[in-house]
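# A structural walkthrough
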Amino acid sequence: MQAFFFICYTAISHSLKWLSSMTLRLAFSLFVMITSSVQASVDTALQQLPKGSRASLFVHSLSSGKTLLNHNSEQMIPPASTQKLVTALAAKLLLTDNYQFKTSLQRDGSDVVINFSGDPTLTEQNLSQLLQQAKQSGLHSIKGNLWLNDSVFTGYERGVGWPWDIMGIGYSAPSSAITLNQNAVMASIYTESNGKTRVHVPQHQSIEVNTSAISVSKSEKKSQFCDLELLTSPNNHYHLSGCLQQRSTPLPLKFAVQNTFLYSKHVVQRLLTDHNIQLEGDILQGVPTADFQPSESPLATHQSEPLSLLIKTMLKESNNLYADNITKTLGHIYYQQAGSFSNGTAAIKAILLQQANIDIELAVLADGSGLSRNNKMTAQQLSTVLSYIYRHNSELNLLDALPTSGVDGTLKYRASMRKAPILNAITAKSGSLFGSYNMAGFVNTKKGEILLFIQLIADYHPVKKLDNAPPVQSPIERFERDFYQSMINDTL
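The sections below set out a description of the structure shown in this document. Quick caveat: nothing in here was measured; it's all calculated off a predicted structure.

## A word on the nonpolar core
- The biggest cluster of nonpolar side chains holds 48 residues, and the ones touching the most others in it are Leu 89, Leu 330, Leu 352 and Ile 454.
- Take this core: its biggest share by element is seven residues, from helix 2 (residues 84-94).
- Here Ile 454 is in contact with Ser 56, Leu 57, Phe 58, Ala 379, Leu 382, Ser 383, Leu 386, Met 439 and Ala 440, once residues within four sequence places are set aside.
- Judged by nonpolar contacts, the second largest core, of 37 residues, contains Val 112, Leu 139, Leu 146 and Phe 255.

Structure, rendered in C-alpha coordinates:
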(Lines give C-alpha, C1' and ligand atoms only; values in the text may rest on other atoms or scores of the structure.)
Protein backbone atom coordinates (compact mmCIF):
# COMPACT_ATOMS: atom_id res chain seq x y z
CA MET A 1 0.00 0.00 0.00
CA GLN A 2 2.83 2.37 0.94
CA ALA A 3 4.51 1.63 -2.37
CA PHE A 4 1.22 2.45 -4.15
CA PHE A 5 0.92 5.79 -2.38
CA PHE A 6 4.57 6.54 -3.10
CA ILE A 7 4.03 5.82 -6.82
CA CYS A 8 0.91 8.05 -6.86
CA TYR A 9 2.69 10.84 -4.99
CA THR A 10 5.64 10.66 -7.37
CA ALA A 11 3.35 10.77 -10.41
CA ILE A 12 1.37 13.70 -9.02
CA SER A 13 4.57 15.60 -8.11
CA HIS A 14 5.98 15.14 -11.61
CA SER A 15 2.64 16.22 -13.08
CA LEU A 16 2.53 19.34 -10.90
CA LYS A 17 6.11 20.18 -11.77
CA TRP A 18 5.33 19.71 -15.46
CA LEU A 19 2.19 21.85 -15.17
CA SER A 20 4.06 24.49 -13.18
CA SER A 21 6.81 24.54 -15.77
CA MET A 22 4.24 24.81 -18.55
CA THR A 23 2.45 27.62 -16.67
CA LEU A 24 5.70 29.51 -16.27
CA ARG A 25 6.56 29.01 -19.94
CA LEU A 26 3.09 30.17 -21.00
CA ALA A 27 3.25 33.18 -18.68
CA PHE A 28 6.68 34.09 -19.98
CA SER A 29 5.52 33.69 -23.58
CA LEU A 30 2.50 35.86 -22.86
CA PHE A 31 4.74 38.47 -21.22
CA VAL A 32 7.04 38.48 -24.24
CA MET A 33 4.05 38.80 -26.58
CA ILE A 34 2.60 41.73 -24.57
CA THR A 35 6.00 43.42 -24.26
CA SER A 36 6.62 42.97 -27.96
CA SER A 37 3.16 44.37 -28.73
CA VAL A 38 3.77 47.39 -26.52
CA GLN A 39 7.20 47.97 -28.01
CA ALA A 40 5.82 47.62 -31.53
CA SER A 41 3.11 50.17 -30.74
CA VAL A 42 5.67 52.58 -29.29
CA ASP A 43 8.07 52.02 -32.18
CA THR A 44 5.32 52.82 -34.67
CA ALA A 45 4.70 56.16 -32.96
CA LEU A 46 8.40 56.96 -32.51
CA GLN A 47 9.11 56.32 -36.18
CA GLN A 48 7.04 59.41 -36.95
CA LEU A 49 9.59 61.67 -35.26
CA PRO A 50 12.53 63.22 -37.18
CA LYS A 51 15.94 61.61 -36.80
CA GLY A 52 17.84 62.93 -33.82
CA SER A 53 14.74 63.49 -31.70
CA ARG A 54 14.75 62.25 -28.11
CA ALA A 55 11.66 60.79 -26.50
CA SER A 56 10.89 59.98 -22.89
CA LEU A 57 7.56 58.20 -22.41
CA PHE A 58 5.80 56.83 -19.35
CA VAL A 59 2.33 55.28 -19.10
CA HIS A 60 0.82 53.91 -15.91
CA SER A 61 -2.65 52.45 -15.40
CA LEU A 62 -4.30 54.06 -12.39
CA SER A 63 -7.03 51.44 -12.65
CA SER A 64 -4.83 48.33 -12.47
CA GLY A 65 -1.74 49.85 -10.85
CA LYS A 66 0.48 48.49 -13.63
CA THR A 67 3.11 50.43 -15.56
CA LEU A 68 2.38 49.86 -19.24
CA LEU A 69 5.27 51.78 -20.76
CA ASN A 70 8.60 53.00 -19.45
CA HIS A 71 10.71 54.39 -22.27
CA ASN A 72 13.77 56.46 -21.26
CA SER A 73 11.78 57.81 -18.32
CA GLU A 74 14.92 58.73 -16.35
CA GLN A 75 16.28 61.14 -18.98
CA MET A 76 16.52 64.78 -17.91
CA ILE A 77 14.56 66.86 -20.43
CA PRO A 78 13.26 70.45 -20.39
CA PRO A 79 9.69 70.09 -19.07
CA ALA A 80 8.51 73.40 -20.60
CA SER A 81 5.04 74.30 -19.35
CA THR A 82 4.29 70.84 -17.95
CA GLN A 83 6.34 72.22 -15.04
CA LYS A 84 3.31 74.35 -14.13
CA LEU A 85 1.79 71.14 -12.69
CA VAL A 86 4.58 71.10 -10.11
CA THR A 87 4.09 74.79 -9.31
CA ALA A 88 0.31 74.34 -9.04
CA LEU A 89 0.60 71.42 -6.62
CA ALA A 90 3.06 73.24 -4.35
CA ALA A 91 0.82 76.33 -4.32
CA LYS A 92 -2.26 74.31 -3.45
CA LEU A 93 -0.43 72.58 -0.60
CA LEU A 94 1.09 75.71 0.99
CA LEU A 95 -1.24 78.58 0.13
CA THR A 96 -4.56 76.67 -0.16
CA ASP A 97 -7.48 77.61 -2.41
CA ASN A 98 -8.58 80.71 -0.51
CA TYR A 99 -5.28 82.58 -0.69
CA GLN A 100 -5.60 86.04 -2.26
CA PHE A 101 -2.97 88.54 -3.38
CA LYS A 102 -3.49 91.88 -1.62
CA THR A 103 -2.55 95.34 -2.89
CA SER A 104 -2.96 98.14 -0.35
CA LEU A 105 -2.49 101.92 -0.04
CA GLN A 106 -1.45 103.57 3.21
CA ARG A 107 -0.10 106.79 4.67
CA ASP A 108 3.38 106.98 6.19
CA GLY A 109 3.79 110.46 7.61
CA SER A 110 3.56 112.87 4.70
CA ASP A 111 4.24 110.04 2.25
CA VAL A 112 1.85 107.54 0.73
CA VAL A 113 2.79 103.94 -0.10
CA ILE A 114 1.19 101.51 -2.53
CA ASN A 115 2.12 98.01 -1.34
CA PHE A 116 2.31 95.70 -4.32
CA SER A 117 2.13 91.94 -3.73
CA GLY A 118 3.00 90.42 -7.09
CA ASP A 119 -0.69 90.00 -7.91
CA PRO A 120 -0.52 88.76 -11.53
CA THR A 121 -4.13 89.82 -12.13
CA LEU A 122 -3.84 93.46 -11.01
CA THR A 123 -5.07 95.86 -13.68
CA GLU A 124 -5.03 99.59 -14.23
CA GLN A 125 -8.73 99.62 -13.41
CA ASN A 126 -8.06 97.89 -10.07
CA LEU A 127 -5.44 100.51 -9.25
CA SER A 128 -7.87 103.28 -10.21
CA GLN A 129 -10.46 101.81 -7.83
CA LEU A 130 -7.79 101.65 -5.10
CA LEU A 131 -7.11 105.39 -5.49
CA GLN A 132 -10.83 106.12 -5.53
CA GLN A 133 -11.25 104.24 -2.23
CA ALA A 134 -8.34 106.18 -0.76
CA LYS A 135 -9.85 109.49 -1.87
CA GLN A 136 -13.12 108.56 -0.20
CA SER A 137 -11.09 107.91 2.96
CA GLY A 138 -9.70 111.45 2.83
CA LEU A 139 -6.71 111.27 0.47
CA HIS A 140 -7.05 114.46 -1.60
CA SER A 141 -3.36 115.37 -1.80
CA ILE A 142 0.06 113.89 -1.05
CA LYS A 143 2.45 116.36 0.61
CA GLY A 144 5.42 114.03 0.38
CA ASN A 145 6.35 111.23 -2.02
CA LEU A 146 4.31 108.35 -3.41
CA TRP A 147 6.20 105.08 -3.02
CA LEU A 148 5.62 101.97 -5.12
CA ASN A 149 6.60 99.27 -2.66
CA ASP A 150 8.02 96.24 -4.45
CA SER A 151 9.92 94.79 -1.49
CA VAL A 152 7.89 91.57 -1.35
CA PHE A 153 10.06 90.24 -4.22
CA THR A 154 13.77 90.55 -4.91
CA GLY A 155 16.33 89.44 -7.47
CA TYR A 156 15.94 88.86 -11.19
CA GLU A 157 12.60 89.59 -12.83
CA ARG A 158 13.39 87.01 -15.52
CA GLY A 159 14.51 83.47 -14.90
CA VAL A 160 18.05 82.35 -15.59
CA GLY A 161 17.95 80.57 -18.93
CA TRP A 162 15.27 82.73 -20.54
CA PRO A 163 16.45 83.39 -24.12
CA TRP A 164 17.41 87.00 -24.85
CA ASP A 165 15.46 87.06 -28.11
CA ILE A 166 12.05 86.62 -26.43
CA MET A 167 12.47 89.24 -23.69
CA GLY A 168 10.25 91.74 -25.49
CA ILE A 169 7.44 89.27 -26.25
CA GLY A 170 4.34 89.26 -24.07
CA TYR A 171 4.54 85.64 -22.87
CA SER A 172 7.92 86.41 -21.25
CA ALA A 173 6.65 89.36 -19.21
CA PRO A 174 8.88 90.07 -16.19
CA SER A 175 7.93 88.55 -12.85
CA SER A 176 7.81 91.54 -10.52
CA ALA A 177 6.12 92.56 -7.28
CA ILE A 178 4.92 95.58 -9.28
CA THR A 179 2.78 93.73 -11.78
CA LEU A 180 0.21 95.76 -13.70
CA ASN A 181 -1.84 94.72 -16.74
CA GLN A 182 0.18 91.48 -16.73
CA ASN A 183 3.28 93.60 -17.51
CA ALA A 184 2.40 93.58 -21.18
CA VAL A 185 1.07 96.04 -23.77
CA MET A 186 -1.04 95.24 -26.81
CA ALA A 187 -0.19 96.87 -30.16
CA SER A 188 -0.37 96.09 -33.88
CA ILE A 189 1.78 96.48 -36.99
CA TYR A 190 0.50 97.32 -40.50
CA THR A 191 2.15 96.78 -43.87
CA GLU A 192 1.97 99.75 -46.26
CA SER A 193 1.74 99.80 -50.06
CA ASN A 194 5.01 101.75 -50.27
CA GLY A 195 6.97 98.87 -48.73
CA LYS A 196 7.10 100.32 -45.23
CA THR A 197 5.35 99.35 -42.01
CA ARG A 198 3.69 101.32 -39.24
CA VAL A 199 2.87 100.45 -35.66
CA HIS A 200 -0.19 101.40 -33.64
CA VAL A 201 0.04 101.58 -29.83
CA PRO A 202 -2.98 102.73 -27.80
CA GLN A 203 -2.41 106.36 -26.83
CA HIS A 204 -2.70 105.78 -23.09
CA GLN A 205 0.04 103.12 -23.05
CA SER A 206 3.35 104.29 -21.65
CA ILE A 207 5.69 102.69 -24.18
CA GLU A 208 7.32 103.86 -27.39
CA VAL A 209 7.59 101.68 -30.49
CA ASN A 210 9.44 102.51 -33.70
CA THR A 211 9.69 100.43 -36.86
CA SER A 212 12.15 100.29 -39.73
CA ALA A 213 10.80 96.93 -40.88
CA ILE A 214 9.97 96.69 -44.56
CA SER A 215 6.92 95.12 -46.19
CA VAL A 216 7.82 92.34 -48.65
CA SER A 217 6.23 89.57 -50.67
CA LYS A 218 6.39 85.94 -49.62
CA SER A 219 9.14 85.16 -52.16
CA GLU A 220 11.16 88.22 -51.15
CA LYS A 221 10.94 87.29 -47.50
CA LYS A 222 12.29 83.84 -48.24
CA SER A 223 15.07 84.94 -50.63
CA GLN A 224 16.28 87.63 -48.22
CA PHE A 225 16.22 85.29 -45.19
CA CYS A 226 14.34 88.06 -43.48
CA ASP A 227 12.15 88.00 -40.37
CA LEU A 228 10.51 90.57 -38.15
CA GLU A 229 12.97 91.33 -35.34
CA LEU A 230 12.48 93.13 -32.04
CA LEU A 231 15.01 95.05 -29.97
CA THR A 232 14.16 96.47 -26.55
CA SER A 233 15.66 99.06 -24.21
CA PRO A 234 15.28 99.46 -20.42
CA ASN A 235 13.14 102.60 -20.78
CA ASN A 236 10.31 100.66 -22.43
CA HIS A 237 11.31 101.63 -25.95
CA TYR A 238 10.96 99.01 -28.69
CA HIS A 239 12.33 98.90 -32.20
CA LEU A 240 11.07 96.59 -34.94
CA SER A 241 13.34 95.83 -37.88
CA GLY A 242 13.77 93.21 -40.60
CA CYS A 243 10.78 92.50 -42.77
CA LEU A 244 7.15 91.49 -42.60
CA GLN A 245 5.21 89.70 -45.31
CA GLN A 246 2.52 91.89 -46.84
CA ARG A 247 -0.84 91.57 -45.09
CA SER A 248 -4.37 92.81 -45.64
CA THR A 249 -4.99 93.01 -41.88
CA PRO A 250 -2.76 94.24 -39.05
CA LEU A 251 -0.59 91.77 -37.16
CA PRO A 252 -1.40 91.82 -33.41
CA LEU A 253 1.60 92.36 -31.15
CA LYS A 254 2.05 91.97 -27.42
CA PHE A 255 5.11 93.62 -25.90
CA ALA A 256 6.54 92.58 -22.55
CA VAL A 257 7.23 95.58 -20.32
CA GLN A 258 10.96 96.01 -19.79
CA ASN A 259 10.96 98.37 -16.80
CA THR A 260 8.03 97.55 -14.51
CA PHE A 261 8.56 100.52 -12.20
CA LEU A 262 8.77 103.06 -15.01
CA TYR A 263 5.68 101.62 -16.70
CA SER A 264 3.65 101.62 -13.47
CA LYS A 265 4.90 105.10 -12.55
CA HIS A 266 3.43 106.53 -15.75
CA VAL A 267 0.13 104.73 -15.14
CA VAL A 268 -0.06 106.02 -11.55
CA GLN A 269 0.73 109.59 -12.66
CA ARG A 270 -2.16 109.49 -15.09
CA LEU A 271 -4.54 108.00 -12.52
CA LEU A 272 -3.65 110.67 -9.95
CA THR A 273 -4.63 113.28 -12.51
CA ASP A 274 -7.84 111.43 -13.35
CA HIS A 275 -8.82 111.37 -9.65
CA ASN A 276 -7.65 114.93 -9.00
CA ILE A 277 -5.21 113.86 -6.28
CA GLN A 278 -2.37 116.39 -5.98
CA LEU A 279 1.16 114.98 -5.59
CA GLU A 280 3.77 117.46 -4.33
CA GLY A 281 6.69 115.03 -4.21
CA ASP A 282 7.88 112.31 -6.59
CA ILE A 283 6.84 108.76 -7.40
CA LEU A 284 9.62 106.54 -6.07
CA GLN A 285 10.41 102.83 -5.98
CA GLY A 286 10.76 100.97 -2.68
CA VAL A 287 9.82 102.04 0.85
CA PRO A 288 10.23 105.33 2.78
CA THR A 289 12.41 103.88 5.55
CA ALA A 290 14.29 100.66 6.22
CA ASP A 291 11.94 99.71 9.06
CA PHE A 292 8.74 100.41 7.11
CA GLN A 293 5.94 97.89 7.61
CA PRO A 294 2.64 97.65 5.68
CA SER A 295 -0.24 98.89 7.79
CA GLU A 296 -2.89 96.54 9.13
CA SER A 297 -5.44 99.33 8.59
CA PRO A 298 -4.68 100.77 5.14
CA LEU A 299 -6.66 103.53 3.44
CA ALA A 300 -7.66 101.16 0.65
CA THR A 301 -7.21 97.51 -0.29
CA HIS A 302 -7.68 95.41 -3.41
CA GLN A 303 -7.69 91.60 -3.32
CA SER A 304 -7.31 89.20 -6.21
CA GLU A 305 -9.64 86.34 -6.91
CA PRO A 306 -8.90 83.19 -4.86
CA LEU A 307 -5.86 81.11 -5.75
CA SER A 308 -8.06 78.28 -7.02
CA LEU A 309 -9.25 80.47 -9.91
CA LEU A 310 -5.77 81.81 -10.61
CA ILE A 311 -4.35 78.30 -10.85
CA LYS A 312 -7.16 77.30 -13.21
CA THR A 313 -6.25 80.19 -15.51
CA MET A 314 -2.55 79.36 -15.16
CA LEU A 315 -3.07 75.76 -16.26
CA LYS A 316 -5.81 76.23 -18.86
CA GLU A 317 -4.08 79.14 -20.61
CA SER A 318 -0.49 78.21 -19.64
CA ASN A 319 0.11 81.69 -18.23
CA ASN A 320 3.81 82.13 -17.46
CA LEU A 321 3.46 85.28 -15.35
CA TYR A 322 0.92 83.65 -13.05
CA ALA A 323 3.25 80.69 -12.51
CA ASP A 324 6.35 82.77 -11.84
CA ASN A 325 4.67 85.25 -9.49
CA ILE A 326 3.11 82.34 -7.58
CA THR A 327 6.55 80.72 -7.37
CA LYS A 328 8.12 83.84 -5.87
CA THR A 329 5.19 84.10 -3.46
CA LEU A 330 5.88 80.54 -2.30
CA GLY A 331 9.49 81.54 -1.59
CA HIS A 332 8.32 84.67 0.26
CA ILE A 333 5.86 82.84 2.50
CA TYR A 334 7.77 79.59 3.03
CA TYR A 335 11.10 81.24 3.92
CA GLN A 336 9.65 84.46 5.39
CA GLN A 337 11.82 86.67 3.20
CA ALA A 338 11.52 88.53 -0.08
CA GLY A 339 10.51 86.05 -2.76
CA SER A 340 12.76 85.22 -5.71
CA PHE A 341 13.20 82.59 -8.38
CA SER A 342 15.90 81.03 -6.21
CA ASN A 343 13.96 80.62 -2.97
CA GLY A 344 10.70 80.05 -4.80
CA THR A 345 11.95 76.97 -6.63
CA ALA A 346 13.64 75.75 -3.43
CA ALA A 347 10.32 76.18 -1.63
CA ILE A 348 8.53 74.11 -4.28
CA LYS A 349 10.90 71.19 -3.70
CA ALA A 350 10.64 71.48 0.09
CA ILE A 351 6.84 71.75 0.11
CA LEU A 352 6.39 68.69 -2.12
CA LEU A 353 8.77 66.64 0.01
CA GLN A 354 7.32 67.66 3.37
CA GLN A 355 3.62 67.69 2.53
CA ALA A 356 3.34 65.12 -0.25
CA ASN A 357 6.44 62.93 0.22
CA ILE A 358 7.44 63.73 -3.38
CA ASP A 359 11.20 63.93 -3.85
CA ILE A 360 12.24 65.99 -6.88
CA GLU A 361 15.49 67.23 -5.36
CA LEU A 362 17.47 66.19 -8.44
CA ALA A 363 15.21 68.17 -10.78
CA VAL A 364 16.68 71.44 -12.06
CA LEU A 365 14.21 74.29 -11.55
CA ALA A 366 15.12 77.82 -12.65
CA ASP A 367 11.59 79.28 -12.59
CA GLY A 368 8.00 78.22 -11.98
CA SER A 369 6.64 78.54 -15.51
CA GLY A 370 8.96 76.20 -17.43
CA LEU A 371 10.08 79.03 -19.72
CA SER A 372 13.76 78.66 -18.82
CA ARG A 373 15.84 76.32 -20.98
CA ASN A 374 17.77 75.47 -17.80
CA ASN A 375 14.84 73.56 -16.30
CA LYS A 376 15.31 69.78 -16.39
CA MET A 377 13.01 67.03 -15.16
CA THR A 378 12.40 63.37 -15.85
CA ALA A 379 9.16 61.68 -16.82
CA GLN A 380 9.41 59.68 -13.60
CA GLN A 381 9.52 62.86 -11.51
CA LEU A 382 6.52 64.32 -13.31
CA SER A 383 4.63 61.05 -12.89
CA THR A 384 4.94 61.22 -9.07
CA VAL A 385 3.39 64.70 -9.15
CA LEU A 386 0.55 63.60 -11.45
CA SER A 387 -0.11 60.49 -9.36
CA TYR A 388 -0.46 62.59 -6.21
CA ILE A 389 -2.75 65.06 -7.98
CA TYR A 390 -5.02 62.22 -9.10
CA ARG A 391 -5.11 60.42 -5.74
CA HIS A 392 -5.88 63.62 -3.82
CA ASN A 393 -8.18 65.30 -6.31
CA SER A 394 -11.04 65.54 -3.81
CA GLU A 395 -8.93 68.00 -1.77
CA LEU A 396 -6.90 69.60 -4.57
CA ASN A 397 -9.51 69.81 -7.34
CA LEU A 398 -6.76 70.19 -9.94
CA LEU A 399 -8.09 67.79 -12.57
CA ASP A 400 -10.83 70.22 -13.56
CA ALA A 401 -8.19 72.91 -14.02
CA LEU A 402 -6.43 70.94 -16.76
CA PRO A 403 -7.22 71.54 -20.45
CA THR A 404 -9.31 68.90 -22.22
CA SER A 405 -8.33 67.59 -25.65
CA GLY A 406 -10.08 69.50 -28.42
CA VAL A 407 -12.37 71.24 -25.93
CA ASP A 408 -10.66 74.07 -24.03
CA GLY A 409 -7.44 75.75 -22.97
CA THR A 410 -4.22 75.07 -24.82
CA LEU A 411 -5.56 71.74 -26.11
CA LYS A 412 -8.62 73.17 -27.84
CA TYR A 413 -6.93 73.65 -31.20
CA ARG A 414 -4.03 71.21 -30.88
CA ALA A 415 -3.88 69.49 -34.26
CA SER A 416 -3.58 65.93 -32.94
CA MET A 417 -6.57 66.28 -30.60
CA ARG A 418 -9.42 67.73 -32.64
CA LYS A 419 -10.91 64.45 -33.88
CA ALA A 420 -12.26 61.25 -32.34
CA PRO A 421 -11.20 59.12 -30.60
CA ILE A 422 -8.74 61.63 -29.04
CA LEU A 423 -11.27 64.45 -28.85
CA ASN A 424 -12.45 64.86 -25.23
CA ALA A 425 -10.53 61.75 -24.07
CA ILE A 426 -7.49 63.47 -22.56
CA THR A 427 -6.99 65.98 -19.75
CA ALA A 428 -3.41 67.18 -19.70
CA LYS A 429 -0.93 70.03 -19.46
CA SER A 430 0.99 70.76 -22.62
CA GLY A 431 4.43 72.32 -22.83
CA SER A 432 6.54 73.50 -25.73
CA LEU A 433 9.86 75.23 -26.22
CA PHE A 434 12.20 75.36 -29.18
CA GLY A 435 12.65 71.68 -30.06
CA SER A 436 10.42 70.42 -27.22
CA TYR A 437 6.87 69.09 -27.42
CA ASN A 438 5.59 67.77 -24.11
CA MET A 439 2.37 66.53 -22.55
CA ALA A 440 1.51 65.26 -19.09
CA GLY A 441 -1.90 64.14 -17.92
CA PHE A 442 -4.57 61.48 -18.03
CA VAL A 443 -6.31 59.36 -20.69
CA ASN A 444 -9.71 57.66 -20.53
CA THR A 445 -9.50 54.41 -22.50
CA LYS A 446 -12.34 52.68 -24.34
CA LYS A 447 -12.32 49.94 -21.72
CA GLY A 448 -12.91 52.49 -18.97
CA GLU A 449 -9.38 52.55 -17.61
CA ILE A 450 -7.63 55.76 -16.58
CA LEU A 451 -4.02 56.03 -17.68
CA LEU A 452 -1.45 58.49 -16.38
CA PHE A 453 0.96 59.44 -19.15
CA ILE A 454 4.03 61.58 -19.68
CA GLN A 455 5.34 62.61 -23.11
CA LEU A 456 8.63 64.50 -23.23
CA ILE A 457 10.00 65.10 -26.73
CA ALA A 458 13.29 66.98 -27.11
CA ASP A 459 15.57 67.89 -30.02
CA TYR A 460 12.59 67.84 -32.37
CA HIS A 461 13.69 69.57 -35.58
CA PRO A 462 11.68 68.45 -38.63
CA VAL A 463 12.74 69.20 -42.19
CA LYS A 464 10.89 72.24 -43.52
CA LYS A 465 8.53 71.39 -46.36
CA LEU A 466 8.86 73.05 -49.74
CA ASP A 467 6.54 75.94 -50.59
CA ASN A 468 4.81 74.02 -53.37
CA ALA A 469 4.52 70.77 -51.41
CA PRO A 470 0.99 69.57 -50.61
CA PRO A 471 -0.14 70.06 -46.99
CA VAL A 472 0.73 67.13 -44.74
CA GLN A 473 0.53 66.33 -41.06
CA SER A 474 3.61 67.37 -39.12
CA PRO A 475 5.77 64.62 -37.59
CA ILE A 476 4.76 65.60 -34.05
CA GLU A 477 1.09 65.48 -35.01
CA ARG A 478 1.50 61.98 -36.47
CA PHE A 479 3.44 60.84 -33.41
CA GLU A 480 0.85 62.16 -30.97
CA ARG A 481 -2.02 60.73 -33.00
CA ASP A 482 -0.47 57.23 -32.94
CA PHE A 483 0.62 57.45 -29.30
CA TYR A 484 -2.69 58.76 -27.94
CA GLN A 485 -4.81 56.39 -30.01
CA SER A 486 -2.80 53.41 -28.79
CA MET A 487 -3.63 54.41 -25.21
CA ILE A 488 -7.28 55.16 -25.88
CA ASN A 489 -7.82 51.95 -27.88
CA ASP A 490 -6.01 49.84 -25.27
CA THR A 491 -3.44 48.68 -27.79
CA LEU A 492 -0.47 50.04 -25.88
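## As for the sheet that holds strand 1 (residues 54-61)
- In space, the five strands of this open sheet follow the order 2-1-19-18-17, with antiparallel pairing throughout. With one partner strand each, in any of the chains shown, strand 2 (67-71) and strand 17 (426-433) form the two edges of the open sheet. Within this sheet the neighbouring strands show an average axis-to-axis angle of 10°, counted without direction.
- Across eight bridges, the pairing between strand 1 and strand 19 (residues 450-458) is antiparallel. Residue pairing across strands places Leu 57 opposite Gln 455, the latter belonging to strand 19.
- Strands strand 1, strand 2, strand 18 (436-444) and strand 19 of the sheet are contacted by helix 9 (residues 379-391), whose axis makes an angle of about 150° with strand 19.

## With respect to helix 3 (residues 124-136)
- The terminal C-alpha atoms of helix 3 lie 19 Å apart, and with 13 residues this matches the ideal 18 Å at 1.5 Å per residue to within 8%.
- For helix 3, the full list of buried residues reads Glu 124, Asn 126, Leu 127, Ser 128, Leu 130, Leu 131 and Ala 134.
- Looking at the buried positions of helix 3, the neighbouring elements they touch are strand 3 (102-108), strand 4 (111-115), helix 5 (260-274) and strand 16 (300-303).

## Points about the environment of Leu 402
- Examined against the element boundaries, Leu 402 turns out to sit in the loop between helix 10 (393-396) and strand 17.
- When its relative accessible area of 2% is taken as the criterion, Leu 402 is described as buried.
- Apart from the residues within four sequence positions on either side, Leu 402 is in contact with Leu 85, Leu 315, Lys 316, Asp 408, Thr 427, Ala 428, Lys 429 and Phe 442.

## Concerning the side chain of Ser 369
- Within the secondary structure, Ser 369 is located in the loop between helix 8 (341-356) and helix 9.
- Excluding anything up to four places from it in sequence, Ser 369 contacts Ala 80, Ser 81, Lys 84, Trp 162, Asn 320, Ala 323 and Asp 324.

## Considerations on the packing of aromatic side chains
- A complete count under the given rule lists ten aromatic pairs for this structure.
- Measuring from ring centre to ring centre gives 6.1 Å for Trp 162 and Phe 341, while their planes differ by 65°; the resulting arrangement is edge-to-face. Remark: Phe 341 occurs in helix 8 and Trp 162 occurs in the loop between strand 6 (146-149) and strand 7 (184-191); sequence separation between them is 179 residues. This pair shows no difference in class: Trp 162 is buried, exactly as Phe 341 is.
- Note on Tyr 334 and Tyr 335: the rings are 4.8 Å apart at their centroids and 80° apart in plane angle, and the pair reads as edge-to-face.
- Tyr 335 gets classed as partly exposed once you look at its relative accessible area, which sits at 33%.
- Joined through ring pairs, the aromatic side chains of Phe 453, Phe 479, Phe 483 and Tyr 484 make up one cluster.
- The aromatic ring of Tyr 190 is capped on one face by Arg 198, whose charged end is 4.0 Å from the ring centroid.
- The ring centre of Phe 341 lies 4.5 Å from the NZ or CZ of Lys 328, which sits over that ring.

Reading the values: the criteria
- Residues numbered from 1 in each chain as written.
- Predicted model: local features only at pLDDT ≥ 70, side-chain atom pairs only at ≥ 80, totals over all residues.
- Heavy atoms only, no water.
- Core = buried A, V, L, I, M, F, W, Y, C linked by side-chain atoms within 4.5 Å.
- Buried < 20%, exposed > 50% of the residue type's maximum accessible area, 1.4 Å probe, protein only.
- Helix = DSSP H or I, 4+ residues; strand = E, 2+ residues; numbered from the N terminus.
- Contact = heavy atoms within 4.5 Å.
- Pairing = 2+ DSSP bridges.
- Axes fitted to C-alpha atoms, helices over the stretch in contact; angles between N-to-C directions.
- Expected span 1.5 Å × (residues − 1).
- Phe/Tyr/Trp six-rings, centres within 6.5 Å; stacked < 30°, edge-to-face > 60°.
- Lys NZ or Arg CZ within 6 Å of the ring centre and 35° of its normal.

Everything listed here is a matter of geometry and, on its own, says nothing about what the molecule does.
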